[in-house]
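Close look at the chain arrangement
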Amino acid sequence: MKNLYHVAYIEQPKRAQDIVLTKIGLSDDIKHYPSAEQIQIIDQYWEQKRQERLTRIAEKDDGQEFAGEDTAITDAADKEDTDSLNWQAELLTKLKQFTPSKFESFSRLLISKMGVMIDKERGVVRSGDHGIDGFGYFQSDEFRTSRVAIQCKRYSDNAVSEPEIDKFKGVMDGFNAEYGIFITTSHFTERAKKKATQGNNTVTLIDGQELADLVERYRLHVTPITTYTLDDYYDQFE
């Protein structure tokens, strides 16, 4: 939704309300979505959010308070984004403190929630074993079963680079995996993103931002808190 909003396809999304298409959203040819220009806009937005999240993590680690934060929030949408950034920043901080084995276990649990059946014999391996951190099977709607290899890197700041994707693809071949899933708490370089889509065995990339979104989507050991905001109706007194 945020991607569609920032390329002007929809109006500002509001909690518990219908999504409204803009004129551009109604008329644009989505066969070409996302265009190179739209990708740039979307990437800029998420990079800004990533930098804000890293700043919050650094401030929290330093024991600083977010002075003036409430006054900087101008509307409910901004507050919702801020609240989301706060808990997501806390989540990533906690994940980076996991031991390698616990982070691998967490990654397998998340992937299983997404529909991949983890192989109990081949799919649960220790760090350094075989060069992968998990293996399983995914059955599509057409009853086609695909072999899935899983790799995860618990990085603080370093980006996952092209050689790491290339190495993972080589290991995937050894497992006859049709596709792979690479999870990181940081992010991927542009060359790594390109490498992931090349060849027959493609790799789905999950960075820190998407990792937090998936934890929210699948309610993975998180508790949602429902709040309400008043709409414009209550600002009209006559």
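Calculation notes
- Starting from 1, residues in each chain are numbered consecutively following that chain's sequence as written.
- In keeping with the model being predicted, local features are shown solely for residues with a pLDDT of at least 70 and side-chain atom pairs are shown and tallied solely at 80 or more, while totals for entire chains, interfaces and linings include all residues.
- Think of the side-chain values as coming from all heavy atoms in the structure, minus any hydrogens and water.
- Only centres within 6.5 Å qualify two rings of Phe, Tyr or Trp (six-membered ring in Trp) as a pair; their planes then separate them into stacked at under 30 degrees, edge-to-face at over 60, and tilted for everything else.
- Think of it this way: any DSSP run of H or I at least four residues long counts as a helix, any run of E at least two long counts as a strand, and we number them from the N terminus.
- Exposure is judged per residue with a 1.4 Å probe applied to protein chains only, and the accessible area is read against the type maximum: over 50% gives exposed, under 20% gives buried, and values in between give partly exposed.
- Charges are assigned to positions over rings by a cutoff of 6 Å between ring centre and Lys NZ or Arg CZ, combined with an angular limit of 35 degrees from the ring normal.
- Here the rule is simple: two strands pair whenever DSSP picks up at least two bridges between them.
- A contact between two residues is defined here by any heavy atoms of the two lying within 4.5 Å.
- Fitting a line to C-alpha atoms yields each axis, with helices limited to the stretch in contact; the angle taken between N-to-C directions then spans 0 to 180 degrees.
- Roughly parallel here means an angle under 35 degrees, roughly antiparallel means over 145, roughly perpendicular means 65 to 115, and every remaining angle is called oblique.
- With the far helix as reference, a near helix turned anticlockwise by less than a right angle produces a left-handed crossing, and one turned clockwise produces a right-handed crossing.
- Here the term charged refers only to Asp, Glu, Lys and Arg, the term nonpolar to Ala, Val, Leu, Ile, Met, Phe, Trp, Tyr, Cys and Pro, and the term polar to all other amino acids, Gly among them.
- Throughout, the protein atoms alone are placed on a 1 Å grid, and a set of points is a cavity if a 1.4 Å probe fits but cannot get out or a pocket if it is open with protein on both sides within 12 Å along at least five of seven lines; lining residues have an atom within 4 Å of a point.
- Grid points are joined across faces, edges and corners, and a volume is the space filled by probe spheres set on the points.

1. Side note on the packing of aromatic side chains
Within a pair of aromatic rings, the relevant descriptors are the distance that separates the centres and the angle that separates the planes. Taken as a whole, this structure holds eight aromatic pairs when the rule is applied. Taking the centre distance of 5.4 Å and the plane angle of 40° together, the rings of Phe135 and Phe175 count as tilted. Here Phe135 is found in strand S2 (residues 134-139), whereas its partner Phe175 is found in the loop between helix H7 (162-174) and strand S4 (179-184), with 40 residues between them in sequence. Pair check on accessibility: Phe135 and Phe175 agree, each one buried. Ring centres of Phe182 and Phe188 lie 5.8 Å apart, and the angle between their planes is 80°; on these two criteria the pair is classed as edge-to-face. A relative accessible area of 0% places Phe182 in the buried class. An aromatic cluster of three or more residues is present, and its members are Phe98, Phe103 and Phe106. Across the ring face of Phe98, the terminal group of Lys102 is positioned such that the distance to the ring centre comes to 4.4 Å.

2. Comments concerning the sheet that holds S2
The strand order S1-S2-S3-S4-S5 describes an open sheet built from five strands, whose pairing is mixed. With partners counted over all chains shown, the strands left at the sheet margins are strand S1 (117-118) and strand S5 (203-206), one partner each. Inspection of the sheet shows S4 paired to S5 by four bridges, in the parallel sense. Counted as the bridge partner of Ile183 is Ile206 from S5. Here helix H6 (residues 100-113) sits on the sheet and contacts S1, S2, strand S3 (145-153) and S4; the angle it forms with S3, its principal contact strand, is near 145°. Set on the sheet, H7 makes contact with S3, S4 and S5; between it and S4 the angle comes to about 140°.

3. Some details on the packing of H6 against helix H9 (residues 208-217)
Their axes nearest at 11 Å, the elements H6 and H9 cross at an angle of 60°. By the angle class used here, H6 and H9 are oblique. For H6 against H9, the interelement crossing comes out left-handed. Listed contacts from H9 to Phe103, Phe106 and Leu110 of H6 are Leu211, Leu214 and Val215. Of the residues contributing to the contact of H6 with H9, the split by class is six nonpolar, no polar and no charged.

4. Side note on empty space enclosed by the protein
For the coordinates displayed, the defined rule picks out one cavity of 30 Å³ or more. Here the largest cavity defines a volume of roughly 60 Å³. Taken together, eleven residues make up the lining of the largest cavity; nearest its centre are Leu54, Lys96, Ser156, Thr185 and Ser186. By residue number, the principal contributor to the lining of the largest cavity is helix H3 (residues 36-61), which donates four residues. In terms of residue class, the lining of the largest cavity is made up of three nonpolar, four polar and four charged.

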